[in-house]
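Below are the chains, spelled out letter by letter.
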Amino acid sequence: MPTLDQNIQAAVVLACKKCFQATIEANTVQVQQTRKEFEGDRTVVVFPLTRASQKSPAATAEDLGKYLVESHDLISAYQVVKGFLNLTIVPTHWTSELIKAVQTEKYGFGQPSSLPMVMVEYSSPNTNKPLHLGHLRNNFLGYSVSRILEAAGHHVIKVQIINDRGIHICKSMVAWTKYGHGETPDSTGLKGDKLVGKYYVRFDQEYKKEVKALMDRGMKEDEAKNAAELMQAARDYLARWEANDPDVVALWKKMNGWVYDGFAVTYAEMGVDFDQLYYESETYLLGKGLVMRGLETGAFYKRDDGSVWADLTAEGLDEKLVLRKDGTSVYMTQDIGTAIQRYEDFPGLDRQIYTVGNEQEYHFKVLFKLLKLLGVEGADRNRHLSYGMVELPEGKMKSREGTVVDADELLAEMAETAKEMATELGKVEDLSEAEKAVLFKRVGYGAIKYFLLKVSPQKSMMFDPKASIDFIGNTGPFIQFNFVRAKSVLRKSEELYGALTASTLDASVWDQPELRIIQLGLHWPNVLKQSASECDPSLIANHCYEFTKAYSRWYQDHPILQIEDESLRVARTTICYFFTQQIEDAMGLLGIQMPERM
RNA sequence: GGCCCCGUAGUUCAAUGGAUAGAAUAGAAGUUUCCUAAACUUUAGAUCCGAGUUCGAUUCUCGGCGGGGCUACCA
């Protein structure tokens, strides 16, 4: 079914024919929301049409406006301001659209699985330390994009690759063996990932001491770093792991197990989940065979020293190593293997979306080219969902300087702040402890999620732990608060007047703010579509805020329940319903849950 | 050096090539017999610089300046 804007476009095309005997393309007709300082609902930008009309912008707009009002029932009036033709749409149009919207479950969502299957990878942690603020942005972004794509109609598979092998976890293993005295999460009361992370840090500290001692004895830094016993031990563990040494593998399994238990808790708090897990330990050997096959087909070439390369200079990139001279894999080799594995695991998979920081943009550009060289169909439909770093006032987070913001701690602080705020305002005295706990998390987590998602992914962002997170202004809690008030109105409305049944509404009751709110809400399907095609949750966050802001302003001076005129009361209550329904759906796509009261 | 991203109110963020560049916060001044004041109203404040394309540029192109990233037979 054509949208209002498409109808207007078509009407303008026809009008150009009638008025100017000119044929124009529908997409040269720009239709946009009329700015609030002017009269009208939709605006046609006339400048591009003057070529067809051979008249001044004002005269062109005049002719078109006159014709449109006469020939279209939907358009009740027009106004020409400079080169802009502002059209007023009959209120009954908005009313009937509103009724349709509130009667639709998940208004604006696409038909489930009506669009191609996509895979979204996010999180991708190393198993040697706990999750931090950077992971929060990654997880919230990846999870939200998954939900958005699903809402748009894609079949979505959420995956993470767990970097469970390598020198990093071996470092933790060495330090735990040497200094751990058999500590476990149970014996220490520490979360598993925290315990393993503690020994990763310990490794680094002891290692530095060793290096310094060696350097004091006259060794050069590079040499010392290599010669240090701890590093040798870590390398030895890695070699033994690769050789499948039972003791090392057992320790590796035990410590990774602790980490997974810890991550599970954090993921549950964050409200994210996955459909399929990939472990690097199971995929790191994939890719070699593919590289060899690529060598046969001529996609890659071998150098004299035996290393294998891909020449991407024709694509404007460099030459890229895909297999070392000793025949071992590099990261890229694994990524090729994993990518192709996933196509095999999920027949019908149309594309993969990788939620990874922007420092790896080059890596993914290369990866997609390599897949293409290997003949993967649709390789260039894959996408690197790149996002900017989260920076602190003192600069980048550095684990060595202890400036890493821990994910668990930050979440806990958010809930705590929500608690303090609510207690201070005296909002929740009559709630049970269990209800309060749920509420504080919804509000606190809503604040941090909204904060991280309202910024376009590609931009790096500043996070000041002390000042950044507000609960007022353009924030998650502001939206939640207005949702809660609207819900409260709806509850009382039902008590007083029974269930809302608005199958017909009187279009004459709306005032300007009300028409504005309705139009904003009816814009939602477009927002969702655009957000999905751009993989950008911030568009949804901004829509939620704008919608809420308009609602909040309106709510301030528009009584609802005590209105005696039934048609007006029902009309206003319908707005409340429309608002809550859409906000709950939209915020849900950001991974934010709404409280019933706060 | 080469390549990529980003420069918008004091600060944190918006703006498919369109009208007088929007919000929030911090600042100043107000609003509670009324459905939750975590709200609302008023006020002040910005496109890094210079060319070009265009009827029109925060947006596109080029050249500067400033910030970040990538440019490993590391993971």
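Nothing here was measured: the structure is a model prediction, and the numbers come from that model.

**Some details on the overall build of chain A**
Within chain A one finds 22 helices and 14 strands. Along the first, second and third principal axes, the C-alpha set of chain A runs to 90 × 65 × 45 Å. Per-residue burial for chain A yields a buried fraction of 39% across its 598 residues. Residue pairs in contact within chain A that sit at least 24 positions apart in sequence constitute 73% of those at least 6 positions apart.

**Describing the sheet that holds strand β4 (residues 84-89)**
Strands sit in the order β1-β2-β4-β3 across an open sheet of 4 strands; the sheet is antiparallel. Edge positions in the open sheet fall to β1 (30-33) and β3 (75-81), since each of these has one partner strand only. Here the average twist between neighbouring strands, direction ignored, is 30°. The pairing of β3 with β4 spans 6 bridges and is antiparallel. The residue of β4 that forms the bridge with I75 is I89. Across the sheet, helix α1 (residues 4-20) is in contact with β1, β2 (42-45) and β4; its angle to β2 comes to roughly 40°.

**A short note on helix α18 (residues 476-497)**
Across its 22 residues, α18 extends 31 Å between first and last C-alpha, which sits within 8% of the 32 Å expected from 1.5 Å per residue. Just beyond α18, the residue with positive phi is G498, at close to 85°.

**Regarding the protein's contact with RNA strand B**
The full set close to RNA strand B counts 70 residues, and G166, M461, G473, S488 and R597 are the nearest of them. Broken down by element, the surface near RNA strand B gets its largest block of residues, 8 residues, from α18. Residue composition of the surface near RNA strand B, by class: 31 nonpolar, 21 polar and 18 charged.

**Here's the deal with the sheet that holds strand β5 (residues 115-121)**
If you trace the 5 strands from one edge of the open sheet to the other, you get β7-β6-β5-β11-β12, paired in parallel fashion. Strands at the two margins of the open sheet, each flanked by one partner only, are β7 (276-279) and β12 (383-387). For this sheet, the mean inter-axis angle between neighbouring strands, taken without regard to orientation, is 25°. Sheet topology places strand β11 (residues 349-357) next to β12; 5 bridges connect them, and they run parallel. Opposite Y354, over in β12, you have H384 as the bridge partner. Sheet contacts for helix α14 (residues 331-345): β5, β6 (154-162), β7 and β11; angle to β11, the most-contacted strand, approximately 140°.

**Describing the confidence of the model for chain A**
Chain-level statistics for chain A give a pLDDT mean of 93 and a share of 99% at 70 or above. Scored by ipTM, the complex comes to 0.95, with pTM at 0.96.

**Examining the environment of R202**
Relative to the elements of secondary structure, R202 occurs in helix α8 (residues 192-216). Along the primary structure R202 and W176 are separated by 26 residues, whereas in three dimensions their C-alpha atoms are 8.5 Å apart. Beyond its immediate chain neighbours, meaning those up to four positions away, R202 contacts A175 and Y179.

**Details of the pairing of β11**
Pairing between β5 and β11: 5 bridges, direction parallel. By the bridge assignment, M117 is partnered in β11 with L349. Between the parallel pair β11 and β12, the chain is carried across by helix α15 (residues 361-373), and the sense of this crossover is right-handed.

**What to know about the nonpolar core**
Counting 125 residues, the largest nonpolar core has M173 and M255 as the members making the most contacts within it. Ignoring any residue separated from it by four or fewer positions in sequence, one finds M255 in contact with I169, S172, M173, W176 and V196. Counting 16 residues, the second largest nonpolar core, distinct from the first, contains L290, F300, V308 and A310.

**Let's talk about the packing of helix α21 (residues 537-557) against helix α22 (residues 566-589)**
The relative placement of two packed helices comes down to the angle between their axes together with the axis-to-axis distance. Following both chains from N to C, one finds α21 and α22 inclined at 155°, their axes separated by 10 Å at the closest point. On the basis of their axis angle, the class for α21 and α22 is roughly antiparallel. The handedness of the crossing between α21 and α22 is left-handed. In contact with I540, H543, C544, F547, T548 and Y551 of α21, α22 contributes F579, I583, A586, M587 and L589.

**With respect to α22**
With 24 residues, α22 extends 35 Å between its outermost C-alpha atoms, agreeing within 8% with the 34 Å of an ideal straight helix rising 1.5 Å per residue. Within α22, 18 of the 24 residues are buried, leaving the element largely enclosed by the surrounding structure. At the exit of α22 stands G591, carrying a positive phi of roughly 80°.

**Considering the domain arrangement of chain A**
How big an interface is tends to be stated in terms of the accessible area lost upon association of its parts. Domain boundaries in chain A define domain 1 (4-89), domain 2 (166-274) and domain 3 (418-589). Here the C-alpha centre of domain 3 lies 46 Å away from the C-alpha centre of domain 2.

Calculation criteria
- Residues numbered from 1 in each chain as written.
- Chains lettered and ligands numbered in written order.
- Predicted model: local features only at pLDDT ≥ 70, side-chain atom pairs only at ≥ 80, totals over all residues.
- Helix = DSSP H or I, 4+ residues; strand = E, 2+ residues; numbered from the N terminus.
- Buried ≥ 20, exposed ≤ 12 C-beta atoms within 10 Å, placed from the backbone.
- Contact = placed C-beta atoms within 7 Å.
- Pairing = 2+ DSSP bridges.
- Axes fitted to C-alpha atoms, helices over the stretch in contact; angles between N-to-C directions.
- Expected span 1.5 Å × (residues − 1).
- Near = placed C-beta within 6 Å.
- Nonpolar A, V, L, I, M, F, W, Y, C, P; charged D, E, K, R; others polar.
- pLDDT = per-residue confidence, 0-100.
- Right-handed = clockwise from strand over helix to strand, strands pointing away.
- Core = buried A, V, L, I, M, F, W, Y, C linked by C-beta atoms within 7 Å.
- Parallel < 35°, antiparallel > 145°, perpendicular 65-115°, else oblique.
- Left-handed = near helix turned anticlockwise from the far one by under 90°.
- Domains from an automatic or database assignment.

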